[in-house]
Structures are given as C-alpha cells and as structure tokens.
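Next come the chains, spelled out residue by residue.
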Amino acid sequence: MTDNKKGRPGDWRDRDRISGELGSTMLVEAAAGTGKTTNMMSRMANLVSSGSARVENIAAVTFTRKAAAELRDRFRVELEKRVAEASGRERELLSQALEHIERCYIGTIHSFCARLLRERPIEAGVGISFREIEDDEDNELKRKAWDEFMSTLFTSPDKLADELLARGIYPETLFDTFEIITEYPDVDAWPVGATPKPDFAPARQPIMDYWRRVDELLSLLLGTDFGRDALMPALFAVHRAITHTDFKDDIQFAALLSRFESVPTVVQKNWPRKQLALDEKQAWANISENFAAPLVTQWREYCYPPVIKAVMRAVDIYKALKEESGGLNFQDLLMKAAASGVAIVTPRTAISGPARLSTAIPRNVAARAFITGAPFLAALSSHCRPTLLDGATTHFSSISRSRHTPISSVINLFISSLLLQIDAFTLLTSYFGNYIKRV
Amino acid sequence: MAENRLARLEDESLLWSIIEERAAEYRELFPPPSEPVYEAAMENLKRTAKIFIIEESKLDGASAPRYLEASIGLPRERAGKATPLDSPEPVELRLLSGSIRARGRIDRVDALPARGANVFTLWDYKTGGTYKYRSKDPFNQGRVAQHALYIAIVEKALERALKGKSAVAGFGFFFPSPRAGGERLSWSAEELADGKRVIDAICSSVASGSFIATNNCDDCGSAKYQCEYAPICRDVSAVANAADAKLENQSNETLAFQRELRKS
C-alpha cells in the first residue's frame, strides 16, 4: 500500500487500519454510503483468516434488521471468496468459519441485548419469561396508561389539573409530550426550574400600536394575490387575532404573541411595492425579537413544571403497566442490559482474550464488538437536558436517528462496558460509492 | 332572530346568557370532573362566541342571515323558527352520469341585498381548523365537496320554496374557534362551477364498488390526531403508497373515478 496508489478513496489509510489493525479497539464515525459495512465485514474476515478470532467469538451489531441481514449475507460471500483464494492454514481457518458461520452473532443491538438479558435475567432484574414487544403493543400500553392517567387526574388531591388549566393547558393535549418522553427513558431527570410568570405589560402598547399600523395597511393588500408570500396572510390573521384578544388575560396574550415567534416569508414581487414588503417584514421582526420571542419563551418555562409533573405521572403508570405485562420494548432492552451489569467486563481481558458470548458473561462478554449505523459522536457530545418542552423534539431527533435509541444506554453498553478503552478513533469521509465506481 | 345582522354590543350580553343557560343544561346531563374543567370549557366557549360576534359585526349588513339551520330532507333538529326551505323530502340533483337524492342541514342562508332580491350566499360553521379547506383547488382533489353540494341542494330547495327567480351566489366556511381565529374561507358559485363533476366522480366511485385507501398519508392525521382507523392500516404510509401506485396504473379501469379526482 502506497500513498500514490491510484483509484483509492482519500481516506484509504483509515480504511486499511479498520480492516488491518486487529489488535486495536476502534471507534469509527462515518456517514451513510461511506462504506462502514464493507469495512466492518473486511475486518471480521481478517479476524478469522489471521486466527485472531473464531466466528463464534465475534459479535457484529447493527441498528436495523435490514442492515444485519445485509451484513450476514455479505460476510458469507466474503468468506466464500476468500476460501477460494486462500491456501494452507488460512484456508483452513476460513473454511471452519464458513462451516460455522451461524455461530457468529450478527444482529441488531436490540436482539443482542435481549440475548444478554435472557442469559442473566436475575442479575438484569427482568422476568425470566420477559417478552420483547413491538411498537404496536407498546403504543397500546401507552394509550392505556394515558387513559388511566386522565381518568384520575381530575380527582387527584394535588390539583395538578387545575395548575395546568390555569396556564391554558388542556391536559388531554399533552399526549404527544407523554409519547416523546416515553421514547427517552435514559434521560434520568427532567430538571424543572421555577420560572416566574412573565410580565406582559411592556408588550401591550407596542402590540396595540402594531395593530393600528396593520389596520391601515390591510386596505392596500385587499384583493392581492398572495402567491407564496406568507407575511400578507399572516398580517390579516394577526389583525383579526388582536381584535379577539383580551390583553389583560395572560393566556390569551401569550397565545397572541406566539403568532409572532417566527418571521413569515416575504415574496416582494407579490406586494404592491417592494419597499413596503421590506418595511413590513422589519416591523414584524421587531415585534418578534423584542417582545414575542423572549416573553413566549418565559411563558413556556413558566408552564413547563406542571406539564412535566403531569406527564411523568403518566409515564409512571405506563412503566407499571409494562412491567405487569412482562414486556420489554426496544429501549428497555438497551437500558436493562446496560444497567444490569451483565455487560460489564474488564476491557483488556475481553479484548485480548476472545471468549464465547454464550458462556462467559460477564467475565468475557465478547471479544470484538462492532457497531454500525449509530450516530456516535453526536451521542457522546449530547446529554439530553431539555429545558423547554417545545425544544424537546428537535433536540432529541438530532441525536437519535434509526430507531429512537436511548443514547446513554448505548454509550454505557458499548463504550463504558465493551469498548471502554478505545485505541483509535477513525473518521470515514469518502463516499464509498464513488470509490467502487472508480475501481 | 331578526333578519338583520347581529349587533355586537346589544347582542353580546344576550349571547352570554344563552350560553350560560345552555351550559347549565348540559352540565346536568354531563357533569364535569371538576369546577376548573367546567370553567376552562366555558372560557373556550365564550371566546368562540366573542370571536363570532366580532367577525359577524365586520360584515356590517352586507350579508344578512335569512334562514338558519334550513333542514332540507331532514327533520328540524331543535325547536326553532322553521324556514321555507325546510322539507322532509330530499332534493334530486342531476349529475353527469345520473341523479342523486341529497339532503342537508344548512347552517345559514344569507341574503345579499346588494346583489338583488332572492340572491343568497351560504355559510357553514366549522368548529375545527382550516387546514383541510386551504387547498388552492377548492375541492382538494375530491376531499371537499360540501360547498358545491350545498349550493346545489339550496338552489333546488329555493326553486321549490320560492317558485320565482332565485340564485345562490356563493358559499363560505366560518371558523370561529380561538384556534382558527375567526377566519372565513369563501368561494363564489362560479369558482365552484366544477362541483358537479367532482360530486359525480365521487358518487360514481362509490357506485363502482371500489373503495381504495387514500394516496396521501397526510389524510390520516398526525400522531396526535390520528384517524381512528389507522390501526387497521398499520403502516399508513405503505398503504398510501400502494394506493398511489394503483391510481397511477392507467389500465386499472375500476379506479377511473378516483384517478379523475386525485390525478387530474
């Protein structure tokens, strides 16, 4: 391998390290299409052909069933190809691997965790006959838990429902928040600071003045084809909304201000005059930045504590129902496996001494663990602590692609436990499809 | 109610007392779980009523309510002033490929004094949001036909009741809820002229006996407000994609009417 070898991707050195440095534990971050699976498969085949590991000592973990199936097929094809090309001891090792390929663990992270838990249910604190439940059943449990929560909310002595209603929040509208939170059981605390109710007084006069401005403007815009312009219809809507709002009612006023949170798109050519469009966009932006954004944020922070209190109560009911049913969803599998200690190993022992997954837990859990498809770096840098309800979804979605995976569980399981000591960090940057085409 | 527009200041207190009275009746029938729940529901109702009055007052007599809850082909739902349009008999509407018998309860038939005698417009009150009705195509690919159908029904009922010359000039949805903010979406009869073809395609599609799933999973609602049949479809997106593929298949003649609605 030389630097000037043509037809290789720019990061070929990293790729060679992945497939060739078999004594190191590596963390590889790579985007879709960069060749993670190919490199992983190549490393697995090298482990076998070099005698570093036998197939039964390899665990290859993916995030989706599809990826696992693909990896399994490709690993078989790779071994077949190498058997045909190899000779001597190498051929013998590869032939053995091919013969016992079904002993190689290639599956999803969820089934991997389920396997760990089935072998050590007592240590993991799960029922001996626990079931893995699919999304449909899980959703049904959520719905049942929510119904139970709603049926007791209004009679609970702490008057939680009243607290919500006093902030203009109808409890039944919190179901989606409840669903979001159930997706992230690894967030062990949802901090709720007490934020005082915002003082809307400074915004009232500017909003009234703004209404006068819009009132004069609307006659100019009547009959205009808005096209894709979003500001003009928004002006009509806020003009109406201001006339409907009782300015002394904080709930109504907060709802009115929330209409100004973002600045609508302006298509200047659709306006009677271009300068008018620019001026009106600026006027809207002033209200948005100076009053709406800060006050609405503070209002939401003020609303947040009872929301979280209510939703967590529903989450507790859901957890109880799930436990009663003996079901574990995908997140539970990860969480339980990570928390139970069944995956705790002395890393160096595990890495230097390959062992059978099926017999040696917890001392030698798995010699080589690989993971593909997980947004690891993002996971490492983000620990979920949303302070705003509205921000929660965005915050989470950025760190959790594929299934909604409890990231800290994955970290616990694969970094703290299996791969505690990472010898090398590698980043794949070349799009592998291009490389294949060039070759 | 008189034929004139609701006067905001005069009618506000009257409306409050009607709301209180009716709410008290319903409270007996369906006791609320707690006082704050009742108060929150009342607050929402009163805000809706207030938006209604404010928006009505803006019409300023240009559209004057003439007949309320006209029950065409239906018994009157509540005690109230009967209208000349009321009839237990449905009306017969001629379509392109046959005729149908139609009935409906029209929230409001307004006179348009500026357009001449016996020229009317229709209003339908909506408690929800405007999303479904916002499409540039007033029929939203066959999802909305109420406006055209109501115009056709009222035209027939007017013919039957007034015997003389009459016309329905337009139709509007009115959304007085706080969420929808008192918006009105309205169309002239000319803008809805294609309605007969749309209604014909819908009826023909029913008559053909083929009931295909929607080809757009936006119709199935969000996670929060999902269609109650979604659990039957399970993967709604896959079902919608399959339906779309069937509609794309020009040789599938059974779906010709649905194709006309969704793909034309």
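Residues numbered from 1 in each chain as written. Chains lettered and ligands numbered in written order. Predicted model: local features only at pLDDT ≥ 70, side-chain atom pairs only at ≥ 80, totals over all residues. Heavy atoms only, no water.

**Some points on the interface of chain A and chain B**
Heads up, the rule is: We call two residues contacting when some pair of their heavy atoms lies within 4.5 Å. Once two parts are brought into contact, the accessible area they lose, counted with a 1.4 Å probe and summed over both, makes up the buried area. Salt bridges, as used here, are contacts in which a Lys or Arg side-chain nitrogen is within 4 Å of a carboxyl oxygen on Asp or Glu. Pairing of N or O atoms within 3.5 Å defines a polar contact, subject to two protein rules: one partner must be a possible hydrogen donor and the other a possible acceptor, and residues neighboring in sequence count only if both atoms are side-chain atoms. Counting from the N terminus, the helices are the DSSP runs of H or I reaching at least four residues and the strands are the DSSP runs of E reaching at least two. Each residue is assigned to one of three groups, with Ala, Val, Leu, Ile, Met, Phe, Trp, Tyr, Cys and Pro labelled nonpolar, Asp, Glu, Lys and Arg labelled charged, and all others, Gly among them, labelled polar.
Each partner contributes residues to the interface: chain A has 13 residues there, and chain B has 19 residues. Interface of chain A and chain B: buried area, both sides summed, is about 1500 Å²; carbon and sulfur atoms make up 51% of it. On the chain A side of the interface with chain B, the three residues burying the most area are A:F154, A:R240 and A:H244, jointly 37% of the side's total. Seen at the junction of chain A and chain B, the total is 1 salt bridge. Counting across the chain A and chain B interface gives 4 residue pairs in polar contact (both at pLDDT 80 or more). Within the residue set of the side of chain A that touches chain B, elements represented by two or more residues are α8 (160-165) and α11 (231-244) of chain A. Take the side of chain A that touches chain B: its biggest share by element is 3 residues, from α11(A). Along the lines of polarity and charge, the residues of the side of chain A that touches chain B split into 3 nonpolar, 4 polar and 6 charged.

**Looking at the side chain of B:R108**
All names here are of chain B. With respect to the helices, strands and loops of the structure, R108 is situated in strand β4 (residues 104-111). Within the structure, R108 has its side chain in polar contact with the side chain of E56 (distance 2.8 Å). One polar contact links R108 to D110, side chain to side chain, over a distance of 2.9 Å.

**Digging into the packing of aromatic side chains**
Basically, it comes down to this: Planes of paired rings set the category: under 30 degrees apart is stacked, over 60 is edge-to-face and the rest tilted, where pairs are Phe, Tyr or Trp rings (Trp by its six-membered ring) whose centres lie within 6.5 Å. Whether a residue is buried, partly exposed or exposed follows from its accessible area with a 1.4 Å probe, protein chains only, as a fraction of its type maximum: under 20%, in between, or over 50%, in that order. Sitting over a ring, as applied to charges here, requires NZ of Lys or CZ of Arg to be within 6 Å of the ring centre and within 35 degrees of the ring normal.
Within this structure, the stated rule accounts for 24 aromatic pairs over all chains. Arranged with centres 5.8 Å apart and planes meeting at 50 degrees, the rings of A:F200 and A:W299 form a pair that is tilted. With A:F200 in the loop between α9 (175-182) and α10 (201-221) and A:W299 in helix α13 (residues 274-325), the pair connects residues that are 99 residues apart, well separated along the chain. A:W299 gets classed as buried once you look at its relative accessible area, which sits at 9%. With a centroid separation of 5.8 Å and an interplanar angle of 40 degrees, the aromatic rings of A:F226 and A:F236 are classed as tilted. Separated by 10 residues along the polypeptide, A:F226 in the loop between α10 and α11 and A:F236 in helix α11 bring together distant segments of the chain. Among the residues examined, A:F236 registers a relative accessible area of 18% and is labelled buried. Ring pairing ties together the aromatic residues B:Y133, B:Y150, B:F171, B:F173, B:F175 and B:W187, which thus form one cluster. Residue placement shows A:R167 over the ring face of A:Y302; its charged tip is 4.3 Å from the ring centre. B:R184 extends its terminal NZ or CZ atom over the ring of B:W123, reaching a point 4.6 Å from the ring centre.

**Observations concerning the confidence of the model for chain A**
Residue and element names in this part refer to chain A. Formally: Scored from 0 to 100, pLDDT records how confident the predictor is in each individual residue.
Per-residue confidence for chain A gives a mean pLDDT of 76; residues scoring 70 or more make up 75%. Note on residues 342-422: pLDDT under 50 across the span, and 189 contacts to partners over four residues away in sequence or across chains. pLDDT under 50 marks residues 434-439. Its contacts with residues more than four places away, or in other chains, come to 7 contacts.

**Some thoughts on the confidence of the model for chain B**
When pLDDT is averaged along chain B, the result is 88, and 94% of the positions lie at 70 or above. Interface confidence in the predicted complex, given as ipTM, is 0.81; pTM for the same model is 0.71.

**Concerning the sheet that holds strand β7 (residues 183-188) of chain B**
Residue and element names in this part refer to chain B. Here is the rule we go by: Two strands are counted as paired when DSSP detects at least two bridges linking them. In this analysis an axis means a line fitted to C-alpha atoms, helices contributing only their contacting stretch, and an angle means the value between N-to-C directions, from 0 to 180 degrees.
Spatially, 5 strands are ordered β1-β4-β5-β6-β7 in an open sheet, and the strand pairing comes out mixed. The sheet is open, and its two edges are formed by β1 (64-72) and β7, each paired on a single side. This sheet shows a mean twist of 25 degrees between the axes of neighbouring strands, independent of strand direction. Taken together, the 6 bridges between strand β6 (residues 167-175) and β7 define a ladder with antiparallel strand orientation. Each residue of the ladder has a partner; that of F171, found in β7, is W187.

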